[in-house]
Amino acid sequence: MFNFQNYWKARQKIVNEALDEYLPSDSSGPRVLIDAMRYTLFAGGKRLRPLLAIIGYELSGGKNLRDELLPIACGIEMIHTFSLIHDDLPAMDNDDFRRGKPTNHKVFGEAIAILAGDALFGHAFYTMVRSTIPPDRMVQVIREITDAIGLDGMLGGQVADVTGENKEPSAEIVRYIHSRKTGKFIRASLKAGGIAAGAPENILDVFHSVGDKIGLTFQIVDDILDEIGDKSKLGKSVGKDRESGKQTYVRVFGLEKAKKEASRLASEAISEVEDTFGKTTGAPLISLIKFIVERNY
Ligand code: GRG
């Protein structure tokens, strides 16, 4: 029987070792910047997006995880970590805790935190192009990822998130924020794995649809956890969304409806995975979707 905890733990270890290897060495730049990059990167993230890339790759028949996929999966985690560091800054969400530790700017100061985020962002692409996949696939991976984090992706979503504070709750705005700020990058992580392995269009279409649903579920659950989660498990402050008048699913639809919507989306995503890959082959992705909707951290 498939054991998701073991499956995930093994892959988290592989990703953490690869991240350590791909990060700049002590002599390749200012010590304080490398320390700040490493500080948040190794503060204890779940490695959810690298895992999605790995699952996308393995479900598409990819066979050379180390050389083809790990540089991409690690680049994705670097981009994610960069976005967390910048999101926590006083000019953004002004958070004191992340991944169970004081935020980057609390330890290194704002200037170094901004630069550490920038450095991780740049280093992500330097790392991704170390993948040995054919150049046309690499271009497609980069296109998918840059679209997901660009103007109509994470950046656009973050702008809507910041400018939507203390405004009338709006279903349209919250759906835009969630799909762009978080959803598209989660979808791109799964698709990047498929593209790297040379998955056919019909499989990439399934990843697109499933990735959309996983991305939205993830952010709805994030909203729910901000309301009713436990700070010690989450590793970050709770109640911040309400405090800042954020546009969240809970604020717009209420707690119960938000929970129902997350379950509905997750069930739909699981059905799509089962229909495409079957229950046994699809088990890693099905288990990950279940984790995303049931998680408490
Ligand atoms: C893309 C150029 C560019 C800028 C980014 C700062 C910013 C602009 C966007 C912020 C995006 C952001 C931080 C969204 C929140 C996503 C979210 C809920 C993250 C938490 O993810 P987990 O739970 O965290 O996977 P861990 O710590 O486990 O990795």
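None of the values given here were measured: they were computed from a predicted structure.

Thresholds applied
Residues numbered from 1 in each chain as written. Predicted model: local features only at pLDDT ≥ 70, side-chain atom pairs only at ≥ 80, totals over all residues. Heavy atoms only, no water. Near = heavy atom within 4 Å. Polar contact = N/O pair within 3.5 Å; in protein donor to acceptor, adjacent residues only side chain to side chain. Areas by Shrake-Rupley, 256 points an atom, 1.4 Å probe, with all protein chains shown as cover. Helix = DSSP H or I, 4+ residues; strand = E, 2+ residues; numbered from the N terminus. Nonpolar A, V, L, I, M, F, W, Y, C, P; charged D, E, K, R; others polar. Phe/Tyr/Trp six-rings, centres within 6.5 Å; stacked < 30°, edge-to-face > 60°. Buried < 20%, exposed > 50% of the residue type's maximum accessible area, 1.4 Å probe, protein only. Core = buried A, V, L, I, M, F, W, Y, C linked by side-chain atoms within 4.5 Å. Contact = heavy atoms within 4.5 Å. Axes fitted to C-alpha atoms, helices over the stretch in contact; angles between N-to-C directions. Parallel < 35°, antiparallel > 145°, perpendicular 65-115°, else oblique. Left-handed = near helix turned anticlockwise from the far one by under 90°. Lys, Arg positive; Asp, Glu negative; His and termini not counted. Salt bridge = Lys/Arg side-chain N within 4 Å of Asp/Glu carboxyl O. 1 Å grid on protein atoms, 1.4 Å probe; cavity = no way out; pocket = protein on both sides within 12 Å on 5 of 7 lines; lining within 4 Å. Points joined across faces, edges and corners; volume = space filled by probe spheres on them.

Enquirer: Mind showing me how you'd approach the site of the ligand here?
Expert: What surrounds the ligand is a group of 19 residues, the closest being Lys-46, Arg-49, His-80, Arg-99 and Phe-218. A distance of 2.6 Å separates an oxygen atom of the ligand from a polar side-chain atom of Lys-46. Relative to its unbound accessible surface of 760 Å², the ligand loses 91% to contact with the protein. With six residues, the single largest contributor to the shell around the ligand is helix 4 (residues 65-87). Among the residues forming the shell around the ligand, the class breakdown is six nonpolar, seven polar and six charged.

Enquirer: When you look at the packing of aromatic side chains in this model, what are you seeing that I'm missing?
Expert: How two aromatic rings sit relative to each other is set out by the distance from centre to centre and by the angle between their planes. Applying the stated criterion across every chain yields a total of 11 aromatic pairs. Both rings, one in Phe-2 and one in Phe-4, keep their centres 6.5 Å apart while their planes meet at 45 degrees; by these two values the pair is tilted. Given a relative accessible area of 33%, Phe-2 falls into the partly exposed group. Each ring, one from Trp-8 and one from Phe-291, has its centre 4.7 Å from the other, and the planes form 75 degrees; the classification is edge-to-face. Of this pair, Trp-8 sits in helix 1 (residues 4-22) while Phe-291 sits in helix 15 (residues 283-294); the two residues are 283 residues apart in sequence, bridging distant segments of the chain. No difference in accessibility class separates Trp-8 from Phe-291, as the two residues are buried. Within the aromatic cluster, the residues linked to one another by ring pairs are Phe-2, Phe-4, Tyr-7, Trp-8, Phe-291 and Tyr-297.

Enquirer: Got a minute to help me understand the nonpolar core in this structure?
Expert: Inside soluble globular proteins, nonpolar side chains tend to come together where they are buried. Core analysis: the largest hydrophobic core is formed by 73 residues, its most contacted members being Leu-69, Ile-72, Met-78, Val-210, Leu-285, Leu-288 and Ile-289. Looking at this core, the element that brings in the most residues is helix 4, giving 11 residues. In this structure, Leu-285 is in contact with Leu-52, Ile-55, Leu-59, Leu-190, Val-210, Ile-214 and Val-273, ignoring residues within four places of it in sequence.

Enquirer: Any chance you could explain the packing of helix 3 (residues 48-59) against helix 10 (residues 201-228) here in plain terms?
Expert: The relative placement of two packed helices is expressed as an angle between their axes plus a distance between the axes. As a packed pair, helix 3 and helix 10 sit with axes 13 Å apart at the nearest point and diverge in direction by 160 degrees. Relative to helix 10, the element helix 3 lies roughly antiparallel. The chirality of how helix 3 crosses helix 10 is right-handed. Residues Leu-48, Arg-49, Leu-52, Gly-56 and Leu-59 of helix 3 pack against Phe-207, Ile-214 and Phe-218 of helix 10.

Enquirer: It is not clear to me how the side chain of Asp-223 should be interpreted in this structure. Could you clarify?
Expert: Considering the arrangement of structural elements, one finds Asp-223 in helix 10. For the buried Asp-223, which has no salt bridge, the nearest side chain bearing the opposite charge is Lys-181, at an N-O separation of 6.3 Å.

Enquirer: Can you help me understand the packing of helix 2 (residues 31-41) against helix 6 (residues 110-128) in this one?
Expert: Their axes nearest at 9 Å, the elements helix 2 and helix 6 cross at an angle of 75 degrees. The angle between the axes of helix 2 and helix 6 places the two elements in the roughly perpendicular class. Listed contacts from helix 6 to Val-32, Leu-33, Ala-36, Met-37 and Leu-41 of helix 2 are Ile-112, Leu-115, Ala-116, Ala-119, Leu-120 and His-123. Class assignment of the residues belonging to the contact of helix 2 with helix 6 gives a composition of 10 nonpolar, one polar and no charged.

Enquirer: Where do I start with empty space enclosed by the protein in this structure?
Expert: Empty space among the atoms becomes visible once a probe the size of a water molecule is rolled across them. Scanning all chains against the criterion turns up one cavity of 30 Å³ or more. Lining the largest cavity, in full, are Tyr-39, Thr-40, Ala-43, Leu-84, Ile-85, Asp-88, Arg-98, Pro-102, Thr-103 and Asn-104. Put simply, the parts of the chain that give the lining of the largest cavity at least two residues each are helix 2 and helix 4.

Enquirer: It is not clear to me how the layout of surface pockets should be interpreted in this structure. Could you clarify?
Expert: The computed volume of the second largest pocket comes to approximately 180 Å³. Phe-2, Phe-4, Gln-5, Ala-283, Ile-286, Ser-287, Lys-290, Phe-291 and Glu-294 are the residues that line the second largest pocket. Only helix 1 and helix 15 provide two or more residues apiece to the lining of the second largest pocket. Here the lining of the second largest pocket gets six residues from one element, more than from any other, and that element is helix 15. Looking at the lining of the second largest pocket, its residues break down into five nonpolar, two polar and two charged.

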